Amino acid sequence: MRVLLSLLLCLACAPAWAALEVFACTPEWGALARELGGDRVGVYTATTALQDPHRIEARPSLIARARRADLVVCTGADLEIGWLPLVLAQSGNPKIQPGQRGYFEAAGAAQLIERPASVDRAMGDVHAAGNPHLHLDPRNISRVAKALAAQMSMLDAQDASYYIARELAFQVRWREATARWEREAEPLKDVPVVVYHKDLSYLIAWLGMREAGTLEPKPGLPPTTAHLASLLAQLQKAPAKMVVHAAYSDPRAADWLAQQAKLPSVLLPFTVGGTERATDLFTLYDDTIARLLAGTR
Amino acid sequence: MIRKCLCAAALAAAMPPALAQDAEVEKLREEIRQLQGRVQAVETAKPRASGESAFNPAVSLILQGTAARSSQDPSSYQITGFAPSGGEVAPAPRSLSLGESELIVAANVDPYFRGQLVAALTPDNELSVEEAFFQTLALGNGFTLKGGRFLSGIGYQNEIHQHAWDFQDAPLAYKAFLGGRYNDDGLQLRWLAPTDLFLELGGEVGRGREFPSAEQSRNGAGAWSLFGHAGGDIGVSTAWRAGLSYLYAKPENRAFEDVDSLGNPVTQSFSGASKLWIADFVLKWAPNGNATVTNFKLQGEYFRRSESGTIAYDDRAQAAPQFGTPFSGPYSSQQSGWYLQAVYQFMPRWRVGARFDQLDSGNVSNAIVASGTGPTAADFALLGTPHDPSRISAMADWSPSEFSRVRLQVAEDDSRAGATDRQVLVQYIYSLGAHGAHKF
């Protein structure tokens, strides 16, 4: 009876659209915004897991979506520098400009690693603020969730308790899941892996794995045959366990090296949507760890 | 508000009793208090937001140069059948040559404005201001106002900086109708529709500093334009944009030098109205929208211009002029042109492209020639020679990184009547400093 009554009442007051329109730069932040915002947010994700986050263009569709957004949720640390400034400048939307409440950078809440002492393009496409691929450390997700829930509550004060409650529930589930992943990933400790790009550094650091080399000669530069040959020679001296690459990166170089060095080539979803199983943040980590474990066998 | 309260009350009523207990409520309250503290902390100690850099504007520098070979002398370049547009439209100089070095400085001025300067250091040691504008950030409702000198929003390629072009030089239509690119001094207002389909309308007023207008001292606008662009995605792999633009200019004494039938210099000038329509489209494709390995870009624009007014002819500057007296009479022309280009990246670092240009010198009615009492069509070497210029270009470029590019380009250029120009050039483009974002 009570349920029926509340349902009737809710029908009368149900808002036709979401209270907060979120523009997420990458799928992981879209997924997090959904976790925290539930049905109070409408989430548009600007890129997919199969797109290289460094090489996004300021497409007309992105500008059109940014025009109506209340909150932009991006990584920061210069990851989106090639397209987001243009999208924001052309959006005609004052709410989401940097410095405003509608602009959120995950890097502002997370702990960044690999912050270079000096930056020079001779080192490749390095980021002065540190490695921006921060979402593959679950502790960063937890930190970002905290800050993002705060920002959402600020923007949509009426639903503040809703966001906080959801954040708390998320944090509890996330803590449990993190403990489980750390248990499951025990065999991955000290396992040397070759990566494509420095986009898995947080995952490797969190799980205590070792990076035995990168397919890219310098960050952001496509693999060259000369570099692959030297990497192969290096692997013959100090073997690695597997070659891992993100779903968005070109598999050819990784597959070639894996074949030559007789190692498994492991594709990781990298972000939500990168594999069929990685449909949200939890399954992203589930699948990532399952695939790494499969690679060690 | 009342509805919301009712709804919340209803929700609370519907909750299982265990959850609705006071302890839970108190816990939630405590969380809210903590959160408010956090919000304050966030507000006071803003985390290192990656603004373009701490108060210093983002600075980037473009270095360019060419090594070129051409069968016709680039210094004698002209597009027969079309009035010279006054811009830097000639092909790259022969032999080794420095291109334009561009210095780009940009930053947010304050929460309300953004500013940008693009200065070009030309190979002949001149400094020219390509762009210097402010742009509003806080107008809201999809409006953006720009003021100063800026690349006009008409067409597609016009707003793209030269170093980001897919070929070393501009399409012939841009050379003939806009002097390579159109950057007037003025104001631009754009409005972006609140729709999922990208739909943008804009208008500009300017002093009419350059072609198709002509510099002069007058109060009021010398040129204005209107444009609309629409765009979107087709699936995840394809993005497109199409547009329609109109540019109106009212040049007074838009003068240029030509030669008469004896090969001696004469001055011709046009006064009247110049109306230009541009239809443009661009389509970009990449597998799954991931342009890293392979991608394809198709771009084309159609220009149609009609001019009507008076033309003046003056050969009195010659020592022994053929006529020795100025002529003037009604003049009108309807001319058009288009280009289509495609660029394909077939593997990381490598791209190839092809472009076809065609101009139609159309209908020209010149009352001085028609009267039969003065200069004949042969005395209007440029305007009086019916010629439909065309050009075929091909290029291949190699980009070791996002910041460097080397390009090989060949072209067969029939801009001049009866003199095909075969061009080969190698171009380098390096960008230093801040990572600039490129327009779609």
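Thresholds applied
Residues numbered from 1 in each chain as written. Chains lettered and ligands numbered in written order. Predicted model: local features only at pLDDT ≥ 70, side-chain atom pairs only at ≥ 80, totals over all residues. Helix = DSSP H or I, 4+ residues; strand = E, 2+ residues; numbered from the N terminus. Rg over C-alpha atoms; globule rule 2.2 N^0.38 Å. Buried ≥ 20, exposed ≤ 12 C-beta atoms within 10 Å, placed from the backbone. Contact = placed C-beta atoms within 7 Å. Domains from an automatic or database assignment. Nonpolar A, V, L, I, M, F, W, Y, C, P; charged D, E, K, R; others polar. Axes fitted to C-alpha atoms, helices over the stretch in contact; angles between N-to-C directions. Parallel < 35°, antiparallel > 145°, perpendicular 65-115°, else oblique. Left-handed = near helix turned anticlockwise from the far one by under 90°. Core = buried A, V, L, I, M, F, W, Y, C linked by C-beta atoms within 7 Å. Pairing = 2+ DSSP bridges. pLDDT = per-residue confidence, 0-100.

Undergrad: Would you mind showing me how to read the overall build of chain A here?
TA: The helix and strand tally for chain A stands at 10 helices and 8 strands. Here the C-alpha atoms of chain A give a radius of gyration of 21 Å, agreeing with the 19 Å that 2.2 N^0.38 yields for 297 residues. Dimensions of chain A along its principal axes, counting C-alpha atoms only, are 70 × 45 × 30 Å. Relative to its full complement of 297 residues, chain A shows a buried share of 56%. A sequence separation of at least 24 residues applies to 62% of the contacts in chain A between residues at least 6 apart.

Undergrad: Even after reading the chapter, I still don't get the overall build of chain B, so can you show me in this structure?
TA: A tally of regular secondary structure across chain B gives 4 helices and 18 strands. Buried positions account for 36% of the 440 residues belonging to chain B. In chain B, the share of contacts with a sequence separation of at least 24, taken over all contacts with a separation of at least 6, comes to 62%.

Undergrad: Could you clarify how one ought to interpret the domain arrangement of chain A in this entry?
TA: When the parts come together, some accessible area is lost, and that loss is often what is quoted as the size of the interface. Residue and element names in this part refer to chain A. Here chain A is partitioned into domain 1 (17–113 + 123–180) and domain 2 (185–296). Distance between the C-alpha centres of domain 1 and domain 2: 25 Å. Taken together, the contact pairs 27 residues of domain 1 with 24 residues of domain 2. Secondary-structure elements contributing two or more residues to the side of domain 1 that touches domain 2 are α2 (27–37) and α5 (138–155). Broken down by element, the side of domain 1 that touches domain 2 gets its largest block of residues, 5 residues, from α2. Here the side of domain 1 that touches domain 2 is built from residues that sort into 13 nonpolar, 9 polar and 5 charged.

Undergrad: In this structure, what is going on with the packing of α2 of chain A against α5 of chain A? I would like to understand it.
TA: Pairs of packed helices are described in terms of their axes, by the angle between the two and the distance that separates them. All names here are of chain A. At their nearest, the axes of α2 and α5 sit 10 Å apart, and the two run at 60° to each other. Considering their axes alone, α2 and α5 lie oblique with respect to each other. Once α2 is placed against α5, the crossing between them reads as right-handed. Judged by residue contacts, Leu-32, Ala-33, Leu-36 and Gly-37 of α2 engage Ile-141, Val-144, Ala-145, Leu-148, Ala-149 and Met-152 from α5.

Undergrad: Just to check I follow, could you spell out the environment of Leu-168 of chain A for this structure?
TA: Mapping Leu-168 of chain A onto the fold places it in helix α6 (residues 160–184). Counting along the chain gives 19 residues from Leu-168 of chain A to Ala-149 of chain A, while the straight-line C-alpha distance between them is 9.6 Å.

Undergrad: Can you walk me through the domain arrangement of chain B in this structure?
TA: Along its sequence, chain B is carved into domain 1 (1–42) and domain 2 (70–433). Its C-alpha centre places domain 1 of chain B at a distance of 61 Å from the equivalent point of domain 2 of chain B.

Undergrad: Help me understand the nonpolar core, please; the structure alone is not making it clear to me.
TA: Across soluble globular proteins, you tend to see nonpolar side chains buried next to one another. Ranked by size, the top nonpolar core spans 96 residues in total, and within it Leu-32, Val-72, Val-73 and Leu-148 of chain A carry the most contacts. Ranked by the residues each element gives to this core, the list is headed by α5 of chain A, at 9 residues. Structurally, this core is a two-domain feature, drawing no fewer than three residues from each of domain 1 (17–113 + 123–180) and domain 2 (185–296) of chain A. Ignoring anything within four residues of it in the chain, the contact list for Val-73 of chain A reads Val-22, Ala-24, Cys-25, Trp-29, Ala-33, Phe-104 and Leu-148 of chain A. Of all hydrophobic cores here, the second largest spans 34 residues; its members include Ala-173, Ala-176, Phe-227 and Ile-311 of chain B.

Undergrad: How should the sheet that holds strand β1 (residues 20–24) of chain A be read in this particular structure?
TA: Strands in a sheet are paired, the pairing made by backbone hydrogen bonds, and the direction either parallel or antiparallel. Residue and element names in this part refer to chain A. If you trace the 4 strands from one edge of the open sheet to the other, you get β2-β1-β3-β4, paired in parallel fashion. Strands at the two margins of the open sheet, each flanked by one partner only, are β2 (41–45) and β4 (103–105). Sheet twist, expressed as the mean angle between neighbouring strand axes with direction ignored, is 20°. With 3 bridges joining them, β1 and strand β3 (residues 71–74) adopt parallel strand pairing.

Undergrad: What's the story with the confidence of the model for chain B in this structure? I'm lost.
TA: Do not read the predicted coordinates in detail wherever pLDDT is low. Residues and elements named next belong to chain B. Predicted confidence across chain B gives a mean pLDDT of 89, with 89% of residues reaching 70 or more. Below a pLDDT of 50 lies the segment residues 1–20, which in the model reaches 22 contacts outside its immediate sequence neighbourhood of four places, other chains included. Every residue in residues 42–47 is under pLDDT 50, and counting partners more than four places away or in other chains gives 4 contacts. Our summary of model confidence lists the complex with pTM equal to 0.87 and ipTM equal to 0.88.

Undergrad: What exactly am I supposed to notice about unusual backbone geometry here?
TA: Excluding glycine, residues mostly have negative phi values, and the peptide bonds linking residues are mostly trans. All names here are of chain B. For the bond from Phe-211 to Pro-212, the omega torsion is 10°, close enough to zero to count as cis. Of note, Asn-253 is a non-glycine position whose phi angle comes to about 50°, a positive value. Here Asn-253 lies in the loop between β10 (238–249) and β11 (254–259). Here Asn-253 falls in the partly exposed class, since 13 other C-beta atoms lie within 10 Å of it. If you check the backbone angles, Arg-349 has positive phi at about 85° while not being a glycine. Residue placement: Arg-349 occurs in the loop between β14 (327–347) and β15 (350–366).

Undergrad: Please explain the sheet that holds strand β7 (residues 242–246) of chain A as it appears in this structure.
TA: Residue and element names in this part refer to chain A. The strand order across the open sheet formed by 4 strands is β6-β5-β7-β8, and the pairing between neighbours is parallel. Because the sheet does not close on itself, it has two edges, and the strands there are β6 (210–214) and β8 (265–268). Each strand axis lies, on average, 35° off the axis of its neighbour in the sheet, ignoring direction. Here 3 bridges tie strand β5 (residues 192–195) to β7, and the two strands are oriented parallel to one another. Pairing of Val-195 across the sheet is with Val-244, part of β7. Set on the sheet, helix α9 (residues 251–260) makes contact with β5, β7 and β8; between it and β7 the angle comes to about 175°. On top of the sheet, helix α10 (residues 281–296) reaches β7 and β8; it is set at about 175° to β8, its chief contact.

Undergrad: Where do I start with the pairing of strand β12 (residues 265–285) of chain B in this structure?
TA: Moving residue by residue along a regular strand, the side chains alternate between the two faces of the sheet. Residue and element names in this part refer to chain B. Two elements, β10 and β12, share 12 bridges in a ladder whose sense is antiparallel. By the bridge assignment, Trp-240 is partnered in β12 with Leu-283. Here β11 folds back onto β12, and the loop between the two strands holds 5 residues, one of which, Gly-263, carries a positive phi near 85°. Of the pairings in the sheet, the one linking β12 to strand β13 (residues 295–314) comprises 19 bridges and is antiparallel in character. Residue pairing for β13: Ser-271 is matched across the bridge by Thr-310.

Undergrad: Can you walk me through α2 of chain A in this structure?
TA: Each α-helix winds once per 3.6 residues, and so residues spaced three or four apart point in a common direction. All names here are of chain A. Among the 11 residues of α2, 11 are classified as buried, and the element is accordingly described as predominantly covered. For α2, the set of buried residues is Pro-27, Glu-28, Trp-29, Gly-30, Ala-31, Leu-32, Ala-33, Arg-34, Glu-35, Leu-36 and Gly-37. Turning to α2, the residues buried within the fold contact β1, β2, β3, α5, α6 and α10. Gly-38 sits one or two residues past α2 and shows a positive phi near 50°.

Undergrad: What is the right way to read the pairing of β11 of chain B from this model?
TA: Bridging between β11 of chain B and β12 of chain B involves 6 bridges; their strand directions are antiparallel. Note that in β12 of chain B the partner of Val-259 of chain B across the bridge is Pro-265 of chain B.

Undergrad: Help me understand the confidence of the model for chain A, please; the structure alone is not making it clear to me.
TA: Scored by pLDDT, chain A comes out at a mean of 91, with 94% of its residues at no less than 70. Per-element confidence in chain A ranges from a low mean pLDDT of 46 for helix α1 (residues 2–13) of chain A to a high of 98 for β3 of chain A.

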